[in-house]
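# Descriptive analysis of the structure
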Amino acid sequence: MRQVRNIPTFESLGLRDYRLLWLGQVTTSLGQWMDQTARSWLIYSITDSPLQLGLVSMARGLPLLLFGVAAGVVADRYGRKAQLIIAQVVNAILSLILAFLILTGRIQVWHIYITAFFAGTVQSFQQPARQALINDLVGPKHLLNAIALNSAAFNLSRSVGPAICGVLIQAFGVHISYYTEAAFYALATVWTIQIRVPESSKPLAYADGSSNQSFFSSAKEGFSYIASHRLILGLIILGLAPILLGMPYTSLMPIFAINVLHGDARTQGLLLTMVGIGAVLGALTIASLGRRQGSGKLLLIGSAGFGLSLIFFSQSPVLWMAMTFTFLAGLSNSGYTSQDQTIIQMLTPSEIRGRVLGVYFLNRGLMPIGSLIAGALANFLGGPWAVTIMGASCLLLTIGVAVFVPALWKSKLLTSSEKAIS
């Protein structure tokens, strides 16, 4: 482990408290991706309904939109570490409840929906707390590297978690998958408890100097901060809009695998695997940039590259070409989102960072809505033209942000010392 930490790409893992947070990210992400796979398997095995698959995914995704902003306020008011611990404990309890109901044969459809909603709620509170903690623990010098390593862990878990889940379900049953998820959440909690948060990062210091600010006023302050700083607003748009307009292309993969490339489930698996590999390599590439804290040009190039990759993928007539462009889509998306988060965190004061990140992580809740839009477009225009439009939208959005926020394009490097937010 020490040899790994000596590699510049993994330098943040040399910091004890960040290493504990990162290990928690790995195990929590594994649990969340396993839950998504196991829950889909469970609802379909009980109902045999494709509609129920979509509805249970929506039940899990809706809280990310409903509670994301509130989660950011709570992180700033009451402490990010405590919020993270509580969320992970609740996750473990939910997994144990489902495992027990399945094992005893008492599981019903409404159990799956209720726990899906609570699991999504817990996830909405985890995200801003965990991301805001990164800056608290590593400081400006290691921030880009630490955020990129977190992104790599998330994307690697997206590939490994469903695979582990599938093996456990096939060998032992779906209840064992949920017991394993509970163990992952418990392990993440043990690691999180050991984290030492610097005194300077503990709550609460409001921007107006008041310690009696209402919950609503705290939320309003977060939105006002974003709206009044053009650079932050542009970065938030780049974090939210492509998730709505572009990332749901993965939900259309069966169309490309079967109707365009004339393949089968293995073809779809290859395309999605290339997305995952590209995302991990993109995050590790950004982690290898050293201690630079975020290049505006590199961010915009990555965002534009994501849109272009979708356009070329949508018109690819053969498998190897389609795999190349799904790889590039994963690479560019992961790379620019790591840069995006880094610059936001660098330029946002600690006392309001949780609220700003709470808005940023509404992007996870936008995925189900984006999938509905993508499905509607594919229904009327076909899969290839739907993804072409999605990619073009992302590309035009990037150009718009570059024009709207010229400081982002013109700056060679954004560091903590650069406070000129236009």
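Residues numbered from 1 in each chain as written. Predicted model: local features only at pLDDT ≥ 70, side-chain atom pairs only at ≥ 80, totals over all residues. Heavy atoms only, no water.

### Comments concerning the overall build of the chain
This is how the line gets drawn: Secondary structure elements follow DSSP: runs of H or I of four or more residues count as helices, runs of E of two or more count as strands, with numbering from the N terminus. Working definition: with a 1.4 Å probe on protein chains only, accessible area under 20% of the residue-type maximum means buried, over 50% means exposed, and in between means partly exposed. All accessibility values rest on the Shrake-Rupley procedure with a 1.4 Å probe; residue burial counts only the protein chains present in the view.
Counting its regular elements, the chain contains 16 helices and 0 strands. Across the 422 residues of the chain, 54% fall into the buried class. Put simply, the chain shows about 17,400 Å² of open surface, and 69% of that area lies on carbon and sulfur atoms.

### Considerations on the pattern of salt bridges
For the record, the criterion: When a carboxyl oxygen of Asp or Glu lies within 4 Å of a side-chain nitrogen of Lys or Arg, that pair is called a salt bridge.
Enumeration according to the criterion identifies 7 salt bridges in this entry. Put simply, R80 and D136 hold a salt bridge, and the shortest N to O gap is 2.8 Å. A residue pair is termed long-range when its members are at least 10 positions apart, and R80 in helix α4 (residues 80-103) and D136 in helix α5 (residues 109-171) qualify at 56 residues. Residues R80 and D136 agree in their burial class; the two are buried. Close ionic contact of R353 with D136 constitutes a salt bridge, the shortest N to O distance being 3.4 Å. Taken together, the positions of R353 in helix α13 (residues 350-360) and D136 in helix α5 put the pair 217 residues apart, joining distant regions of the chain. Linked by salt bridges that have partners in common, R16, D17 and R196 make up one network.

### Points about the packing of aromatic side chains
Filter applied, for reference: When the centres of two rings from Phe, Tyr and Trp lie within 6.5 Å, Trp using its six-membered ring, the rings pair. Their planes under 30 degrees apart give stacked, over 60 give edge-to-face, and anything left gives tilted. Only when the NZ of Lys or the CZ of Arg is both within 6 Å of the ring centre and within 35 degrees of the ring normal is a charge said to sit over the ring.
If you walk through the whole model with that rule in mind, you get 8 aromatic pairs. Seen from their ring centres, F67 and F117 are 6.2 Å apart, and the 80° between their planes marks the pair as edge-to-face. Note that F67 is positioned in helix α3 (residues 50-78) and F117 in helix α5, a separation of 50 residues in sequence. A relative accessible area of 28% means that F117 is categorised as partly exposed. Each ring, one from Y360 and one from F361, has its centre 5.2 Å from the other, and the planes form 80°; the classification is edge-to-face. In this structure, Y360 and F361 share a single accessibility class: buried. Site record: aromatic cluster; members linked through ring pairs are Y249, F256, F306 and F313. The lysine or arginine in question, R230, covers the ring of F404, its NZ or CZ lying 4.9 Å from the ring centre.

### With respect to the confidence of the model for the chain
Definition in use: The pLDDT score gives, residue by residue, the confidence of the prediction method on a 0 to 100 scale. Contacts are assigned to residue pairs with any non-hydrogen atoms lying within 4.5 Å of each other.
Mean pLDDT over the chain stands at 83; residues scoring 70 or higher make up 90%. Below a pLDDT of 50 lies the segment residues 205-210, which in the model reaches 13 contacts outside its immediate sequence neighbourhood of four places, other chains included. Ignoring residues within four places in sequence, the model shows residues 413-422, a span with pLDDT below 50, making 25 contacts including any to other chains.

### Notes on the side chain of S314
On the secondary structure map, S314 appears in helix α11 (residues 296-314). Exposure remark for S314: the relative accessible area of 2% places this residue in the buried category. Setting aside residues no more than four positions away along its own chain, S314 makes contact with F256, P384, V387 and T388.

### Details of unusual backbone geometry
The general pattern is negative phi for most residues beyond glycine and trans for most peptide bonds. The residue H262 is not glycine, and still its phi comes out positive at about 55°. Note on H262: relative accessible area 66%, which makes it exposed.

### Brief notes about the environment of L328
Summarising the element assignment, L328 is placed in helix α12 (residues 319-347). You can call L328 partly exposed: its relative accessible area is 30%. C-alpha separation for the pair L328 and G302, spaced 26 residues apart in sequence, amounts to 9.8 Å.

### Observations regarding a nonpolar patch on the surface
So the rule is basically this: Candidates for patches are residues over 30% relative accessible area with no salt bridge; among them, like charges are joined within 9 Å and nonpolar side chains (Val, Leu, Ile, Met, Phe, Trp, Tyr) within 5 Å.
A surface patch of nonpolar side chains, about 370 Å² in accessible area, is lined by M58, L62, L66 and L372. In terms of residue count, α3 provides more of the nonpolar patch than any other element does, 3 residues in total. If you trace the backbone, L372 turns up in helix α14 (residues 363-381). Overall, L372 belongs to the exposed group, its relative accessible area being 55%.

### What about the nonpolar core?
Spelled out, the test is: For the purposes of this section, nonpolar cores are sets of buried Ala, Val, Leu, Ile, Met, Phe, Trp, Tyr and Cys residues that join through side-chain atoms within 4.5 Å.
Within the largest apolar cluster, 28 residues are counted, with the highest numbers of intra-cluster contacts made by I232, L235, I236, I344, V356 and L408. Those elements that provide at least two residues to this core are α3, α7 (215-228), α8 (230-245), α11, α12 and α13. Sorting elements by how many residues they give to this core places α8 first, with 6 residues. In this structure, Y249, F306, Y336 and M390 belong to the second largest nonpolar core, which totals 24 residues.

### A word on the side chain of R39
In plain terms, the rule: For this analysis, a polar contact is any N or O atom pair within 3.5 Å, provided that within protein one partner can donate a hydrogen and the other can accept it, and provided that sequence-adjacent residues contribute only side-chain to side-chain pairs.
In this structure, R39 sits in helix α2 (residues 16-47). When its relative accessible area of 4% is taken as the criterion, R39 is described as buried. Of note is the side chain of R39, whose polar atom sits 2.8 Å from the side chain of T115. Dropping the residues within four chain positions of it, R39 is found in contact with V56, R60, L98, I112, T115, A116, A119 and Y178.

### Some details on the environment of I176
In this fold, I176 is placed in helix α6 (residues 174-193). For I176, a relative accessible area of 26% translates into the label partly exposed. The sequence separation of I176 and A99 amounts to 77 residues, and the corresponding C-alpha distance is 7.0 Å.

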